[in-house]
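Summary of structural features
Here is what each chain is made of, one letter per residue.
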Amino acid sequence: IYNKTTDTLSPGNLNMGAGLAYFSEFDNGDSGAADTIDWAANGNKQKSTLTANCTFTFTAPTGPASLLLKLAQDGVGSRTVTWPATVHWPSGTAPTLTTTVSRIDIITFYFDGTTYFGSTIYNFVA
């Protein structure tokens, strides 16, 4: 809920009825060997271009949320990812991402306030 007087957001419910809500994708730029995804400051849809084998750090959103991370391989490819320990994967195994040059993987997370539950859609052609 937006408070115009204090210019702050607080947790609340938003009923869109039959309407749609759109959220912008925040571009984190090139990952380098370490990249912080700040869900609280930059929103629930983010992108990172993998330019090295990358270790991600997540800054949690302010409460439970559905999150999306678009990972793009650079022009070299073969980049791998190390996830924060707070990410849990189906069967306890992190996915092996697509390493082909310029391909995109979409990683979705449900954050329950403590843990990120992740799933992946692979190998989109940019």
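Summary of the structure given here. The residue count restarts for each chain, going from 1 along the sequence in the order it is written. Per-residue local features of the predicted model are confined to residues with pLDDT of at least 70, and side-chain atom pairs are confined, for both listing and counting, to 80 or more; whole-chain, interface and lining totals are unaffected and use all residues. With hydrogens and water stripped out, all remaining heavy atoms of the structure feed into the side-chain values.

Take the environment of Phe109 next. Mapped onto the fold, Phe109 is located in strand E10 (residues 103–111). Note: C-alpha distance between Phe109 and Pro90 (19 residues apart in sequence) is 12 Å. Helical segments are the DSSP runs of H or I of at least four residues, strand segments are the runs of E of at least two, and each set is numbered from the N terminus.

Another aspect to go through is the pattern of salt bridges. The salt bridge criterion pairs a side-chain nitrogen of Lys or Arg with a carboxyl oxygen of Asp or Glu, the two atoms within 4 Å. In total, this model carries 2 salt bridges according to the counting rule given. Across the pair Glu25 and Lys70 runs a salt bridge whose closest N-O atoms are separated by 3.4 Å. With Glu25 in the loop between strand E2 (8–9) and strand E3 (26–30) and Lys70 in strand E7 (residues 65–73), this residue pair connects regions lying 45 residues apart in the sequence. For Glu25, a relative accessible area of 39% gives the class partly exposed. Where Asp74 meets Arg79, a salt bridge forms, and the shortest distance between an N and an O atom there is 2.7 Å. The residues Asp74 and Arg79 share a single accessibility class, namely buried. Partly exposed describes any residue whose relative accessible area lies between the buried limit of under 20% and the exposed limit of over 50%, with all areas from a 1.4 Å probe on protein chains only and scaled to the type maximum.

Classification of ring pairs rests on two measures: the distance between centres of Phe, Tyr or Trp rings, Trp counted by its six-membered ring, which must be within 6.5 Å, and the angle between planes, read as stacked under 30 degrees, edge-to-face over 60 and tilted in between. The full count for this structure, using the stated rule, is 11 aromatic pairs. Ring plane angle 35° and centroid distance 4.5 Å describe the contact between Phe111 and Tyr116, whose orientation is recorded as tilted. With relative accessibility at 2%, the residue Tyr116 sits in the buried group. Of the aromatic side chains, those joined through ring pairs into one cluster are Trp39, Phe56, Phe58, Trp83, Trp89, Phe109, Phe111 and Tyr116.

Cavities and pockets are defined on a 1 Å grid built over the protein atoms alone: a cavity is a set of grid points where a 1.4 Å probe fits but cannot escape, while a pocket is an open set with protein on both sides within 12 Å along at least five of seven lines, and lining residues are those with an atom within 4 Å of any such point. Grid points are joined across faces, edges and corners, and a volume is the space filled by probe spheres set on the points. Overall, the coordinates contain 1 cavity of 30 Å³ or more when judged by the stated rule. For the largest cavity, the calculated volume is near 30 Å³. Leu50, Leu71, Gln73, Thr98, Arg103, Ile104 and Asp105 together form the lining of the largest cavity. Elements supplying a minimum of two residues to the lining of the largest cavity: E7 and E10. No other element matches E10, which puts 3 residues into the lining of the largest cavity. As a working rule, the residues Ala, Val, Leu, Ile, Met, Phe, Trp, Tyr, Cys and Pro are called nonpolar, Asp, Glu, Lys and Arg charged, and the rest polar, with Gly in that last group. Split by residue class, the lining of the largest cavity holds 3 nonpolar, 2 polar and 2 charged.

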